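The residues making up each chain are set out below.
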Amino acid sequence: MASYDVIIIGGGPGGYVCAIRCAQLGLKTACVEGRETLGGTCLNVGCIPSKALLFASHQLHEAQTNFAKMGLKGKSPSVDWPQMQTYKDDVVSQNTKGIEFLFKKNKIDWIKGWASIPQAGKVKVGDDLHDTKNIVIATGSESSALPGVEVDEKIVVTSTGALSLPKVPKKMIVIGAGVIGLELGSVYARLGSEVTVIEFLDAVTPGMDGEIAKTLQRTLKKQGLKFIMGAAVQKVDTTKTKAKLMYKLRKDDSEHQLDADVVLVATGRKPFTNGLGLEALGIGLSPRGQIQTDSHWATNVSGVYAIGDAIDGPMLAHKAEDEGMAVAEVLAGKAGHVNYGVIPGVIYTSPEVASVGQTEEQLKDAGRVYKVGKFPFMGNARAKAMFAGEGFVKILADAETDRILGAHIIGPNAGEIIHEICVAMEFGAAAQDIALTCHAHPTVSEAVREAALACGDGAIHA
Ligand code: NAI
């Protein structure tokens, strides 16, 4: 078998980006992937297909709610679900083929199959044993199981099944008001499902800035999603076509029941490392099953590295990509680096939510003295023209030095406009640096500048 400088196990955003960077840096590279297509969970059954459905359902919502107001008349479109699925599948296939092309272009061998690591320096796929100087584990994550709830991917589904339902369900229950639950829950609500989100805690999206989380929940409620908060799911029973969910309210232990056509379980994900042979290899794992690595993504076994959802940190495709590029540089003898303090997080609801850096709660807990610059999209002309005046930009800056410590946005294009703040933070900028930067008018990005101005002498349009 061919001998490699590096074999990457997993062809998701962490693995394939790592492979491309390794090849670009002159390393003889292979990537093992057992799926039919490259791209991992994100491209095949995660970020990308869900964004296609988000876009389509958002267009429908716009047509239903805003077209007539703009003087665009005509019959409101209805949902052709098989066609929407075809559109979604086309988007996925264009992207997965794109990675295959990039592999060929960069002379990366795609070893098809599921890998195990019998010893350092060897990767086994099927009956073949491949020699390699280094191994990078980029095997991603899978949905966590919930006791009493059996997933069949038909009636009780994870995000994977939720993306390919045979029809738009009349009634859907979402367990977990996290990122997946709110994104997919709002897609189906816009497509006409009656959606109830059931959450163990008292707030949605734990870990997010509290003010943003409250605004997001209020906005989604207005869009028709129902929320049952502080509820512990006991079990889900299914017939051929229906589900019955039993839950207890934490405040008084009272028992309740809900019926639905589909139940989406979105209560978190866990590292996927099954079948790699990590135990026999002696690779250190955390109690939560994450592969333990040092600051250069090296495990305790020489020549074996790990990145992405399989290790500690936020389970985000772009965090995995950054680690993939950085570990490639380490393997090529360069200084790979990831700034974990500036990793944006985006929730692709409508309006979008985006955040970077510290939340107000984290700053309070750390006893930091900070100031808040806020600006509502109602004061932004471009947002109002798009019926997107809901939400705000919030910048948190050090009270003394004005250095930006975090930023949180709920509103139009939040996932795009957060990046100027990310760049500013990478450069250690002060809020005033953004405030003094000319922003084109009229753009929604002006709201970012206004929030930065609000950290100083005040916003202009508030
Ligand atoms: P999550 O961790 O974001 O949210 C899970 C939610 O379920 C939490 O609010 C939690 O309190 C709740 N929960 C847990 N057990 C429960 C129970 N028994 N009953 C009721 N509620 C319960 O997990 P999620 O949404 O499944 O996403 C998994 C991972 O995928 C996350 O790390 C997320 O960051 C990532 N992801 C990111 C996306 C993005 O960046 N846009 C999109 C999709 C996933």
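Residues numbered from 1 in each chain as written. Predicted model: local features only at pLDDT ≥ 70, side-chain atom pairs only at ≥ 80, totals over all residues. Heavy atoms only, no water.

Engineer: How should the layout of surface pockets be read in this particular structure?
Structural biologist: Take a probe with the size of a water molecule and roll it over the atoms, and the empty space left behind shows itself. The computed volume of the second largest pocket comes to approximately 810 Å³. Along the wall of the second largest pocket there are 27 residues; nearest its centre are His58, Glu62, Ser350, Pro351 and Ala388. Every element with two or more residues in the lining of the second largest pocket is listed here: helix 3 (47-65) and helix 7 (210-222). In terms of residue count, the dominant contributor to the lining of the second largest pocket is helix 3 (eight residues). (1 Å grid on protein atoms, 1.4 Å probe; cavity = no way out; pocket = protein on both sides within 12 Å on 5 of 7 lines; lining within 4 Å. Points joined across faces, edges and corners; volume = space filled by probe spheres on them. Helix = DSSP H or I, 4+ residues; strand = E, 2+ residues; numbered from the N terminus.)

Engineer: Honestly, the site of the ligand in this entry has me stumped. Any pointers?
Structural biologist: Around the ligand, a shell composed of 21 residues is seen, among which Ile180, Glu183, Glu199, Gly268 and Val346 lie nearest. At 2.9 Å, a backbone N or O of Ile180 approaches an oxygen atom of the ligand. In the complex, 78% of the free accessible area of the ligand, which totals 850 Å², lies under the protein chains. Tallying contributions element by element places helix 6 (residues 179-190) first for the shell around the ligand, with three residues. (Near = heavy atom within 4 Å. Polar contact = N/O pair within 3.5 Å; in protein donor to acceptor, adjacent residues only side chain to side chain. Areas by Shrake-Rupley, 256 points an atom, 1.4 Å probe, with all protein chains shown as cover.)

Engineer: I keep staring at a nonpolar patch on the surface and nothing clicks. Help me out?
Structural biologist: Together, Phe67, Met70, Leu72 and Phe387 make up a nonpolar patch on the protein surface, roughly 360 Å² of accessible area in all. By secondary structure assignment, the location of Met70 is in the loop between helix 3 and helix 4 (81-105). (Patch = residues over 30% accessible without salt bridge, like charges linked within 9 Å, V, L, I, M, F, W, Y side chains within 5 Å. Salt bridge = Lys/Arg side-chain N within 4 Å of Asp/Glu carboxyl O.)

Engineer: I'm lost on the side chain of Glu183 in this one. Help?
Structural biologist: Checked against the element boundaries, Glu183 lands in helix 6. In contact with Glu183, not counting residues within four places along its chain, are Ser50, Lys51, Leu54, Val346, Ile347, Tyr348 and Thr349. (Contact = heavy atoms within 4.5 Å.)

Engineer: How should the pattern of salt bridges be read in this particular structure?
Structural biologist: Side chains that carry opposite charge are capable of pairing whenever their charged atoms lie near each other. Tallied over the full model, the rule gives 19 salt bridges. A salt bridge links Glu183 to Lys51, with the shortest nitrogen-to-oxygen separation between them at 3.2 Å. Of the two residues, Glu183 sits in helix 6 while Lys51 sits in helix 3, which places them 132 residues apart along the sequence. Among the ionic pairs, Arg368 bridges to Asp398, the shortest N-O distance being 3.2 Å. With Arg368 in the loop between helix 10 (360-365) and strand 20 (370-376) and Asp398 in strand 21 (residues 392-398), this pair connects stretches of sequence that are 30 residues apart. A cluster of three or more residues bridged by salt bridges with shared partners is formed by Asp209, Glu211, Glu360, Lys364, Lys374 and Lys394.

Engineer: I keep staring at the pairing of strand 13 (residues 243-249) and nothing clicks. Help me out?
Structural biologist: Looking down a regular strand, the side chains alternate between one sheet face and the other. Among the seven residues of strand 13, five are classified as buried, and the element is accordingly described as predominantly covered. Where strand 12 (residues 231-238) lies against strand 13, seven bridges are found, and the strand directions are antiparallel. Bridge pairing links Lys235 to Met246 in strand 13. As consecutive antiparallel partners, strand 12 and strand 13 are separated by four residues. With six bridges connecting them, strand 13 and strand 14 (residues 255-260) associate as antiparallel partners. Across the sheet, the residue bridging to Lys244 is Asp259, located in strand 14. Linking strand 13 to strand 14, which pair antiparallel, is a turn of five residues; within it Asp253 sits at a positive phi near 65 degrees. (Buried < 20%, exposed > 50% of the residue type's maximum accessible area, 1.4 Å probe, protein only. Pairing = 2+ DSSP bridges.)

Engineer: Please explain empty space enclosed by the protein as it appears in this structure.
Structural biologist: Here the structure, examined in full by the defined rule, presents one cavity of 30 Å³ or more. There is about 50 Å³ of room inside the largest cavity. Looking at the largest cavity, the residues that line it are Ser143, Ser144, Thr158, Ser159, Ile180, Val265, Ala266, Thr267, Gly268 and Arg269. Residue composition of the lining of the largest cavity, grouped by class: three nonpolar, six polar and one charged. (Nonpolar A, V, L, I, M, F, W, Y, C, P; charged D, E, K, R; others polar.)

Engineer: Can you walk me through unusual backbone geometry in this structure?
Structural biologist: Both trends apply: most residues other than glycine have a negative phi, and most peptide bonds are in trans. Pro351 follows Ser350 through a cis peptide bond whose omega is 0 degrees. Considering the arrangement of structural elements, one finds Pro351 in the loop between strand 18 (345-347) and strand 19 (352-357). Cis geometry marks the peptide bond from His441 to Pro442; its omega dihedral reads 0 degrees. You can see Pro442 is positioned in the loop between helix 13 (431-435) and helix 14 (446-454). Residues other than glycine seldom take positive phi values, yet Lys107 does so here, at roughly 55 degrees. Classification of Lys107 as exposed rests on a relative accessible area of 69%. Unlike most non-glycine residues, Asn413 shows phi in positive territory, near 55 degrees. With respect to the helices and strands, Asn413 occurs in the loop between strand 22 (404-411) and helix 12 (414-426).

Engineer: Looking at this structure, I do not really get the domain arrangement of the protein chain. What am I missing?
Structural biologist: Where interface size is given, it is often the accessible area lost as the parts come together that is meant. What the domain assignment reports for the protein chain is domain 1 (3-143 + 270-338), domain 2 (156-267) and domain 3 (342-454). Centre-to-centre, using C-alpha coordinates, domain 1 lies 27 Å away from domain 2. Facing 18 residues of domain 1, the contacting portion of domain 2 comprises 15 residues. Taking both partners together, domain 1 and domain 2 bury about 1,300 Å²; carbon and sulfur atoms supply 65% of that area. Taken together, the links from domain 1 to domain 2 amount to one salt bridge. Taken together, the connections running from domain 1 to domain 2 amount to six residue pairs in polar contact (both at pLDDT 80 or more). With ten residues, the single largest contributor to the side of domain 1 that touches domain 2 is helix 3. Among the residues forming the side of domain 1 that touches domain 2, the class breakdown is eight nonpolar, eight polar and two charged. (Domains from an automatic or database assignment. Buried area = accessible area lost by both parts, 1.4 Å probe.)

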